[in-house]
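Architecture at a glance
If you want the building blocks of each chain, they are given just below.
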Amino acid sequence: MKLSTLRIVALLLLCLAGALFVVSRVVTLTTMRWFERDLALRAQLAIAGARSSLIEHADEPARIKALFEAITHDERILAVALCDAHGDVLVASRDYPKNLHGPSLGVELGDEISHRIVDADEHQIQISAVPLATSGTATHALVVHDLSFVLRRQDVVDRFLLTLFVAFAVCGILALLIGSRLSFRAWTARLRSYVRGETKEPRFRPLLQDLRALSRSIGDQRSSAAGVPWTPARLKQLLRTELMGERLVVIANREPYMHVRSDDGTVRVLHPASGLVTALEPVMRACSGVWIAHGSGNADRESVDASDHVQVPPDKPQYTLRRLWLNAEEEKGYYYGFANEGLWPLCHIAHVRPTFRQSDFEHYRAVNRRFADAVVAEAGSDDPIVLVQDYHFALAPRMIRERLPKASIITFWHIPWPNAERMGICPWARELLDGMLGSSILGFHTRQHCNNFLESADRYLESRIDRETQGVEQGGNICLVRPYPISIEWPLRWPNEAPTPTECRRVVFERLGLPAHAKLGVGVDRLDYTKGILERFHAVERALDRYPELRGVLCFAQLSAPSRSLIGEYQDFDRRVLAEAERINARYATDAYRPILMLRAHHEQPAVLTHYRAADFCFVSSLHDGMNLVAKEFVASREDERGVLILSSFTGASKELSEALVVNPYDVERCADAIALAVSMPEDEQRARMHALRSIVAEFNVYAWAGRMLADAARLRWHERIADRLSPFPRP
Ligand code: F6P
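Conventions we followed
- Residues numbered from 1 in each chain as written.
- Predicted model: local features only at pLDDT ≥ 70, side-chain atom pairs only at ≥ 80, totals over all residues.
- Heavy atoms only, no water.
- Helix = DSSP H or I, 4+ residues; strand = E, 2+ residues; numbered from the N terminus.
- Rg over C-alpha atoms; globule rule 2.2 N^0.38 Å.
- Buried < 20%, exposed > 50% of the residue type's maximum accessible area, 1.4 Å probe, protein only.
- Salt bridge = Lys/Arg side-chain N within 4 Å of Asp/Glu carboxyl O.
- Pairing = 2+ DSSP bridges.
- Axes fitted to C-alpha atoms, helices over the stretch in contact; angles between N-to-C directions.
- Right-handed = clockwise from strand over helix to strand, strands pointing away.
- Expected span 1.5 Å × (residues − 1).
- Arc of directions from axis to C-beta.
- Domains from an automatic or database assignment.
- Contact = heavy atoms within 4.5 Å.
- Near = heavy atom within 4 Å.
- Polar contact = N/O pair within 3.5 Å; in protein donor to acceptor, adjacent residues only side chain to side chain.
- Areas by Shrake-Rupley, 256 points an atom, 1.4 Å probe, with all protein chains shown as cover.
- Nonpolar A, V, L, I, M, F, W, Y, C, P; charged D, E, K, R; others polar.
- Phe/Tyr/Trp six-rings, centres within 6.5 Å; stacked < 30°, edge-to-face > 60°.
- Lys NZ or Arg CZ within 6 Å of the ring centre and 35° of its normal.

1. Things to note about the overall build of the chain
- Broken down by element type, the chain carries 20 helices and 23 strands.
- Relative to a compact globule of 732 residues, whose C-alpha radius of gyration would be 27 Å, the chain shows 46 Å and is clearly more extended.
- Taking the principal axes of its C-alpha atoms as reference, the chain extends roughly 160 × 65 × 45 Å.
- Here the chain holds 732 residues, and 52% of them are scored as buried.

2. Describing the pattern of salt bridges
- Tallied over the entire structure, the rule returns 46 salt bridges.
- Where Arg587 meets Glu541, a salt bridge forms, and the shortest distance between an N and an O atom there is 2.6 Å. Residue Arg587 is found in helix 15 (residues 568-588), and its partner Glu541 is found in helix 14 (residues 533-546); the two are separated by 46 residues along the sequence.
- The buried category is assigned to Glu541, whose relative accessible area is 9%.
- The closest approach of N and O atoms between Glu669 and Arg542, which form a salt bridge, is 2.7 Å. Highlighted residues: Glu669 in helix 18 (residues 668-680) and Arg542 in helix 14, separated in sequence by 127 residues.
- Relative accessible area serves as the criterion here: at 25%, Glu669 is assigned to the partly exposed category.

3. Looking at the sheet that holds strand 3 (residues 114-119)
- Strands sit in the order 2-1-5-4-3 across an open sheet of 5 strands; the sheet is antiparallel. The sheet is open, and its two edges are formed by strand 2 (89-92) and strand 3, each paired on a single side. Neighbour-to-neighbour, the strand axes of this sheet turn through a mean angle of 25°, independent of strand direction.
- Two strands pair when backbone bridges link them, and strand 1 (residues 77-83) and strand 5 (residues 140-146) are joined in this way by 6 bridges, in the antiparallel orientation. Bridge pairing in strand 5 links Val80 to Val143.

4. Focus on the pairing of strand 12 (residues 385-389)
- Burial analysis of strand 12 places 5 of its 5 residues in the buried class, which makes it a mostly covered element.
- Across the two faces of strand 12 the burial is the same, with Ile385, Leu387 and Gln389 and Val386 and Val388 all buried.
- As defined by bridge partners, strand 6 (residues 248-251) adjoins strand 12 across 4 bridges and the pair is classed as parallel. For Ile251, the partnering residue across the bridge sits in strand 12 and is Val388.
- Taken together, strand 12, helix 9 (residues 396-403) and strand 13 (residues 408-412) form a β-α-β motif whose crossover is right-handed.

5. What about helix 8 (residues 358-379)?
- Between its terminal C-alpha atoms helix 8 stretches 31 Å, which fits the 32 Å expected from 22 residues at 1.5 Å a residue.
- Listed as buried for helix 8 are Asp360, Phe361, Tyr364, Val367, Asn368, Phe371, Ala372, Ala374, Val375, Glu378 and Ala379. The buried residues of helix 8 all sit within an arc of 160° when viewed along its axis, so they share a single face.

6. Here we look at the domain arrangement of the chain
- Segmenting the chain into domains produces domain 1 (3-153), domain 2 (242-325 + 362-483) and domain 3 (501-700).
- Each of domain 1 and domain 3 was reduced to a C-alpha centroid, and the two centroids are 116 Å apart.

7. Comments concerning the environment of Glu604
- Structurally, Glu604 can be placed in the loop between strand 20 (596-600) and helix 16 (605-614).
- Judged by relative accessible area, which is 23%, Glu604 ranks as partly exposed.
- The spatial distance from the C-alpha of Glu604 to the C-alpha of Pro272 is 8.1 Å, given a sequence separation of 332 residues.

8. As for the sheet that holds strand 22 (residues 644-648)
- The 6 strands are arranged 20-19-18-21-22-23 in an open sheet whose pairing can be described as parallel. The open sheet has two edge strands with one neighbour each: strand 20 and strand 23 (661-663). Between one strand axis and the next, the sheet turns through 20° on average, direction left out of account.
- Each of strand 18 (519-526), strand 19 (554-561) and strand 20 touches helix 13 (residues 501-512); the most contacted strand, strand 18, lies at about 85° to it.

9. A closer look at the site of the ligand
- Close to the ligand lie Arg254, Ser274, Gly275, Leu276, Tyr335, Trp344, Asp390, Tyr391, Ile415, Arg526 and Arg564.
- Between Arg254 and the ligand, the recorded distance is 3.0 Å, taken from a side-chain N or O atom to an oxygen atom.
- Within the contact set of the ligand, an oxygen atom lies 2.8 Å away from a side-chain nitrogen or oxygen of Arg564.
- Here the ligand, which alone exposes 390 Å², has 90% of that area covered by the protein.
- Broken down by secondary-structure element, the contributors of at least two residues to the shell around the ligand are helix 6 (275-287) and helix 7 (328-347).
- The residue makeup of the shell around the ligand, split by class, is 5 nonpolar, 2 polar and 4 charged.

10. Some details on the side chain of His611
- Looking at the secondary structure, you find His611 in helix 16.
- In terms of polar contacts, His611 uses its side chain to reach the backbone carbonyl oxygen of Ala607, at 2.8 Å.
- The contacts of His611, once residues within four sequence positions are left out, are Val508, Arg511, Val522, Leu559 and Leu599.

11. Notes on the environment of Trp428
- Within the secondary structure layout, Trp428 lies in the loop between helix 10 (420-423) and helix 11 (429-436).
- By relative accessible area, Trp428 is classed as buried at 13%.
- Remark: the alpha-carbon pair of Trp428 and Ser135, spanning 293 residues in sequence, is separated by 107 Å.
- If we ignore the near neighbours within four places in the chain, the residues touching Trp428 are Phe338, Phe356, Arg357, Gln358 and Phe361.

12. Observations concerning the side chain of Ser274
- The topology assignment puts Ser274 in the loop between strand 8 (267-270) and helix 6.
- A polar side-chain atom of Ser274 sits 3.1 Å from the main-chain amide nitrogen of Val277.

13. Quick look at the packing of aromatic side chains
- Tallying each qualifying case throughout the model produces 23 aromatic pairs.
- Here Phe412 and Trp705 contribute two aromatic rings whose centre-to-centre distance is 5.1 Å and whose plane-to-plane angle is 90°, an arrangement assigned as edge-to-face. With Phe412 in strand 13 and Trp705 in helix 20 (residues 702-725), the pair connects residues that are 293 residues apart, well separated along the chain. For the pair Phe412 and Trp705, a shared accessibility class is recorded, and that class is buried.
- With a centroid separation of 6.1 Å and 40° between ring planes, the pair formed by Phe556 and Phe617 is classed as tilted. Placement of the pair is Phe556 in strand 19 and Phe617 in strand 21 (residues 617-620), with a sequence separation of 61 residues.
- Taking relative accessible area as the criterion, Phe556 reaches 0% and is therefore assigned buried.
- A relative accessible area of 0% places Phe617 in the buried class.
- Among the aromatic residues, those joined into a ring-pair cluster are Tyr334, Phe338, Phe356, Phe361, Tyr364, Phe371, Phe393 and Trp428.
- Of note, Arg234 hangs over the ring of Trp230, and the distance from its end group to the ring centre comes to 3.8 Å.
- Positioned above the aromatic ring of Trp344, the side-chain terminus of Arg564 is 4.1 Å from the ring centre.

Written out as structure tokens, the structure is:
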């Protein structure tokens, strides 16, 4: 039985019980009154029958007593007595109660018969005073009746009423259940015919409005599938119409703009080397809102207002950057420690052992709480749209949900998710999973990562996995787990007019001192052991070994931004990369030629794009990578449809970019073949492949990524609102 029906049944029972109580009280009081009057009348009759004897033997107490004993043979008369005008008992039958005489008699001794009810030991009695109208001392006869038979009769009546109540209750409940079912059917039939437009019923109008909005939103999704391109304008429109212009609040550890003081004392704005920033920044420019990030630049504090806000991009502000300050210890524990020595190696299969320290996790938890607090402070409503970014904030979704239960929380995990067994290495696996399930939507780059997450949730948490909807239900909250492959803005944005590929080639070749006949490969990465930089160098070396015609021709420029340099593993890796480059160069370098050009520095975006455009091929050899946006940026930068992409099969990007030369970075021989193939690929083939790659990146650009997530969030919001309004009706 549903809750609402239970409530009606309870109400019905309550009403019936109330009615029973009132009826039983009325019946009791009325019958009591009848019985009292009846007994007083009987007393009068009994005394009237004995009146002449009483007058005649007024002076013979023994005769009167005998007469009274005869009267008490009536089963309901307990005792009889005579009293004077003051109530003093003159003569009485044997069982007359001793305490009923004089002032304690309590009945009026007048010319009319009077009576009262007295509580005796275990029962009630009625004493009636009947006037004798004689001239003797005795003025009244007192007749005492036993009332227990009255109570017995009332008992019978009460039991009858109770039976009636039960019968009424059973019939009432049955009638109610049958009636409500029939009327619900009739109601839904009317509703359906109204929705189909067959009838007109004004009371259903608000519901129809909701349904129209929902179908508009679904229509919007369909049109997306139909190939309408995703642009910043379309994303903005989606936010305005489907999400009512709600404010976007993003939390991401890395800030998109960093104020850094140079040695000469001037403050420069840097754009950190980060796939996350590359993807998210254009989305924020399109949608506005606030991006909460760790303020890590050494001049960051100087450029914020009193609320730690700075409007960005600095040259044309379009959204707010809110900086959150971390002290050295917090940064060490949360960022370097738990996030990058624990979770990073845990999630990437790159053969580096994760390190988990209790104190790091405590910092991680505390910093997540600080970011969650900042979200609440910046939200501006109780149901904002919050985008939680990456593995730095696994605990934040739950913390935000606790404070803002109605928020739409979209969490995106930018790195791979390990299989359930590997996840078990982390001592806080359960807490992390639970934290992430505070989200409304949880996104990964690939379906494989989603499946790994679902399996982990299944293994380590009390939760229900719905494979059909790809959702996890835990403690009443449903979190959808979906793949949303991330991408880049399309078309790429150059700060000034973009130089042509020929111009780029000229500039880069000149800067690197390359001869015109050189074949240039590029790699662009943070100096991170997951990126397969050593494997890439080994492939170059092997290509030079096996294809002698490439010696003096093949040059590989590696643009590497130092990264996470406080971590020992990264310091070692940095040293090994430099050492390998030197070793290989020592084998093949000449006075005029070096096969590997190690450009170890932070490169701003225009410099990176210029190298992409100048290159004959780009080599992405990650050992494991959530997506890898270098691959997509290279493709986007090649408007000339030239150049070849060599792409590791262990990147998320390889699932989409199948026209690349997809390689296993551990297979040095095949990688060397791929390099040889790339530098000798005919222009027609390059063009055909690049054309196909570009059309994929153009269609599935970063606005599509954000748009799909926001559209799903809008659909969830509608579903929840409609479900709230339709709560009395069964869910589909
Ligand atoms: O891939 C995970 C990620 O957060 C990327 O989004 C980004 O490219 C990179 O790591 C940046 O790392 P960090 O912020 O530690 O420099």
